[in-house]
Amino acid sequence: MPTFEIGDTDFLLDGRPYQVISGALHYFRVHPGLWADRIHKARLMGLNTIETYVAWNVHAPERGRFDLEGPRDLGRFLDLVAAEGMHAIVRPGPYICAEWDGGGLPGWLLADPEVGVRRHEPRYLAAIEEYYDQLLPLVAERQVTRGGSVIAVQVENEYGAYGDDQEYLQALITMNRERGIEVPLLSCDQADDAMQTRGSVPELHRTATFGARATERLALLRRHQPTGPLMCMEFWNGWFDSWGQHHHVAPAEVNAQDLDDLLAAGASVNLYMFHGGTNFGFTSGANDKGTYLPITTSYDYDAPLAEDGTPTPKYVAMREVIARHAPVPDEVPAPRTPAPELTVDLDRRVPLAEALPALGDPRDWDHLPTTDELGHWSGFTLYRTRVTAEDRVLTLDEVRDRALVALDGEPVGVLSRTEHSRTIALPARDGELTLLVEDQGRVNYGPRIGEPKGLIGPARTAVRELTDWSVTPLRLDGVEPGLAALLDAAPAADPAAPVAGPAFLRGTFDTVAGADHFLRTDGWGKGLVWVNGFLLGRYWSAGPTATLYVPGPLLRAEGNEVVVLELHGAAAARVAFAAGPDLGSSEV
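The following refers to the structure shown. (Residues numbered from 1 in each chain as written. Predicted model: local features only at pLDDT ≥ 70, side-chain atom pairs only at ≥ 80, totals over all residues. Heavy atoms only, no water.)

### Observations concerning the overall build of the protein chain
- Helices and strands together make up the secondary structure of the protein chain, namely 13 helices and 35 strands.
- Computed over C-alpha atoms, the radius of gyration of the protein chain comes to 25 Å, within 12% of the 25 Å expected from 2.2 N^0.38 for 588 residues, which places it in the range of a compact globule.
- Along the three orthogonal principal directions, the C-alpha set of the protein chain runs to about 75 × 55 × 40 Å.
- A buried classification covers 60% of the 588 residues belonging to the protein chain.
- Taking the intrachain contacts of the protein chain between residues at least 6 apart in sequence as the baseline, contacts between residues at least 24 apart amount to 79%.
- Surface summary for the protein chain: the accessible area is close to 21,500 Å², and the carbon and sulfur share equals 51%.
- Once the 51 positive and 83 negative side-chain charges of the protein chain are each reduced to a mean point, those two points are 1 Å apart. (Helix = DSSP H or I, 4+ residues; strand = E, 2+ residues; numbered from the N terminus. Rg over C-alpha atoms; globule rule 2.2 N^0.38 Å. Buried < 20%, exposed > 50% of the residue type's maximum accessible area, 1.4 Å probe, protein only. Contact = heavy atoms within 4.5 Å. Areas by Shrake-Rupley, 256 points an atom, 1.4 Å probe, with all protein chains shown as cover. Lys, Arg positive; Asp, Glu negative; His and termini not counted. Charge placed at Lys NZ, Arg CZ, Asp CG, Glu CD.)

### Notes on the sheet that holds strand E21 (residues 423–425)
- With respect to topology, four strands assemble into an open sheet ordered E21-E18-E24-E25, the strand pairing being antiparallel. This sheet does not close on itself; its edge strands, each paired only once, are E21 and strand E25 (465–466).
- Pairing geometry for strand E18 (residues 393–400) and strand E24 (residues 454–460), over five bridges, is antiparallel. Looking at the pairing, valine 399 lines up with leucine 455 of E24. (Pairing = 2+ DSSP bridges.)

### Comments concerning the side chain of asparagine 255
- Structurally, the position occupied by asparagine 255 is in helix H9 (residues 252–264).
- Given the relative accessible area of 4%, asparagine 255 is considered buried.
- Beyond its immediate stretch of four places on either side in the chain, asparagine 255 contacts Phe235, Trp236, Asn237, Ala250, Lys314 and Met318.

### Description of the packing of aromatic side chains
- Taken as a whole and judged by the stated rule, the model has 27 aromatic pairs.
- Ring centres of tryptophan 56 and tyrosine 131 lie 4.7 Å apart, and the angle between their planes is 10°; on these two criteria the pair is classed as stacked. Taken together, the residues span a long stretch of sequence, with tryptophan 56 in helix H2 (residues 56–59) and tyrosine 131 in helix H5 (residues 122–140) at a distance of 75 residues.
- Among the residues examined, tyrosine 131 registers a relative accessible area of 2% and is labelled buried.
- Ring geometry for tyrosine 124 versus tyrosine 168: centroids 5.9 Å apart, planes at 40°, classification tilted. Taken together, the residues tyrosine 124 in helix H5 and tyrosine 168 in helix H6 (residues 166–178) connect sequence positions 44 residues apart. (Phe/Tyr/Trp six-rings, centres within 6.5 Å; stacked < 30°, edge-to-face > 60°.)

### Overview of the sheet that holds strand E32 (residues 547–550)
- The four strands lie next to each other as E14-E35-E29-E32, forming an open sheet whose pairing is antiparallel. Looking along the sheet, the strands with just one partner apiece sit at the ends: strand E14 (342–345) and E32. Averaged over all pairs of adjacent strands, the angle between strand axes in this sheet comes to 30°, irrespective of strand direction.
- With two bridges connecting them, strand E29 (residues 517–520) and strand E35 (residues 574–578) associate as antiparallel partners. Paired with leucine 519 across the bridge in E35 is phenylalanine 577. (Axes fitted to C-alpha atoms, helices over the stretch in contact; angles between N-to-C directions.)

### Observations concerning the pairing of strand E17 (residues 379–387)
- Most of E17 is tucked away: seven of the nine residues are buried.
- As judged from the nine bridges shared by E17 and strand E22 (residues 431–439), these two strands associate in the antiparallel manner. Across the sheet, the residue bridging to tyrosine 383 is leucine 435, located in E22.

### Things to note about the pattern of salt bridges
- All told, the structure shown has 47 salt bridges when counted by the stated rule.
- The partner of arginine 179 in a salt bridge is aspartate 133, and the shortest N-O contact between them spans 2.7 Å. Pair noted here: arginine 179 is in the loop between H6 and strand E8 (185–190) and aspartate 133 is in helix H5, with a separation of 46 residues, a long-range link.
- For glutamate 438, the salt bridge goes to arginine 538, with nearest N and O atoms at 2.8 Å. Of the two residues, glutamate 438 is situated in strand E22 and arginine 538 in strand E31 (residues 534–540); the sequence distance between them amounts to 100 residues.
- Here the salt bridges do not stand alone but share partners, grouping Asp288, Glu398, Arg400, Asp401, Arg417, Asp439, Arg448, Glu451 and Lys453 into one network. (Salt bridge = Lys/Arg side-chain N within 4 Å of Asp/Glu carboxyl O.)

### Structural notes on the pairing of strand E30 (residues 526–531)
- Burial within E30 is extensive, with six of its six residues counted as buried.
- Relative to E31, E30 runs antiparallel, the two sharing six bridges. In the sheet register, glycine 527 faces E31, and the bridge partner there is tyrosine 539.
- Count of turn residues in the E30/E31 antiparallel hairpin: two residues, of which asparagine 532 carries a positive phi of about 50°.
- In this structure, E30 lies alongside strand E33 (residues 560–566), joined through five bridges in antiparallel fashion.

### Examining the packing of helix H3 (residues 74–83) against H5
- Taken N-terminus to C-terminus, the directions of H3 and H5 make an angle of 20°; their axes are 10 Å apart at the nearest point. Taken together, the axes of H3 and H5 are roughly parallel relative to one another. Of the two elements, H3 crosses H5, and the hand of that crossing is right-handed. Contacts between H3 and H5 involve Leu74, Gly75 and Leu78 on the former and, on the latter, Leu135, Leu138 and Val139. (Parallel < 35°, antiparallel > 145°, perpendicular 65-115°, else oblique. Left-handed = near helix turned anticlockwise from the far one by under 90°.)

### Concerning the state of the cysteines
- Counted under the stated rule, the structure contains zero disulfides.
- For cysteine 188, which is in no disulfide, the shortest distance to another cysteine sulfur is to cysteine 232 and amounts to 8.4 Å.
- The class for cysteine 188 is buried, based on a relative accessible area of 2%. (Disulfide = S-S within 2.5 Å.)

### Regarding the packing of H9 against helix H10 (residues 313–323)
- Here H9 crosses H10 at 25°, and the two axes come no closer than 9 Å. The angle between the axes of H9 and H10 places the two elements in the roughly parallel class. Here H9 and H10 pass one another in a crossing that is right-handed. Residues Ala252, Asn255, Ala256, Leu259, Asp260 and Leu263 of H9 touch H10, and the partners they reach there are Pro313, Lys314, Ala317, Met318, Val321 and Ile322.

### What to know about H10
- When H10 is considered as a whole, its buried residues turn out to be Lys314, Tyr315, Ala317, Met318, Arg319, Val321 and Ile322.
- Turning to H10, the residues buried within the fold contact strand E4 (21–25), helix H1 (35–44), strand E10 (231–236), H9 and strand E11 (268–275).

### Considerations on the environment of leucine 382
- By the element assignment, leucine 382 lies in strand E17.
- Through-space distance from the C-alpha of leucine 382 to that of serine 470 is 8.3 Å; in sequence the pair is 88 residues apart.
- Setting aside residues up to four positions removed in sequence, leucine 382 forms contacts with Leu356, Thr434, Leu435, Leu436, Ser470, Val471 and Thr472.

Below is the structure:
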């Protein structure tokens, strides 16, 4: 029977020393039609292992429902890893961070304020058991001990940066073992003495996360893990981007030298990321260390394999380093052809106000509810109330995360959590006040994990508290049939005419079937884009990114449809596809 074990100094595969040279590749950030391509290119770079998180909220959008089909088919992904002759490390959390919405924790789970976040609390543990009951048998049957690809499973994630509940970690270990996980269980914490102390227990093999000074960080890890192999579970060869910030770039030659130092020391490694992929839909998370910063749609991460699967100079540099320490295939990835360039007229327009009946059902409230109270875990929500000439101003306790404020449909302004704005002057007249609130991503790191979204009350004016509200959660994960019918029926509009948002716009185009595309978003304000009904994600003139990646499997030769929800406005109703990505400036 095959084995993978922790030896005195090395990992042991079938009793022989084995240096894990892994790369992070999250199946949920890649179109499933491209999984095999990305895995193959990992092997061609010299990697022998693929690491993936498992995002709980991807599989369990609501309690009692667990989805392992299509883009959520983790079993198929792990089978593709095995078919490529590679191994796998699975990191199922339950918390993963990953710059992912809520760090992977489902919004429904933490809507109950009594649930203990990342600690030994009965309701939290019971939900994890339900999750593990669905997930872990799939992983267990694919362990290397049963002829599969999985050589290790990680418990929790960088727990020492959050808490020190040893009883909680022990409970997770027990749950894994009871559900058939036989391979080594790992912990993962930053290369910091305090975090390494808090974040693990003796039953877990400690690993570290860092991006530089490998020799020094490995020595720190050795102090906390006196025997067994040393491993950098996240070798940060790039970084994520936040809206309104610069694009992060890590020099290839520096990454390569640090990787060489690490491998020369005999340590195992997992490149974070080998291939970043994309935060499609509403899946991007946010960081809040005093200022709320939502993560961009692109998760390119300045990784060796770019967002569209193109090998970068970093790929070449790291492949050369790996070749000094391990066998590397002679084959290299084929050059990729440039993406098609074309312009598309958006000749159908429907104001958001006209589309509202097709997007959601309003409910009346006698207080200002959060979106968690609505059972609406991501995206947009419309709040309505009546104001009078005497009200003059609106003040909220907090906006999570951005609200377009209008009076009788006329824009009043924007309230933004990032800008710490929660008060806005109102025109001195009676009317219907609306706030279109965007959840820009649940916090994925730190003490604000699990907080509710929407408008946080009370809502006050100059003279009173506003308690009469009508609230509509908007269905925007796909192009709703009712919205599609409205766009079909809309009269043709001049694409050269300016766009006034919020409004939906639609156009059609022919192109090269199966080819990757890059949709340019410069010239537009802020909003969402769907291609053939698939929500690519958010765009924003705040940058740094100015393109949205469109995976080739979404596209056919004729009759493709692009739908845009523009929140603010644009000079014309045209979109363009570019030959390559524009990730923005790397200068601060």
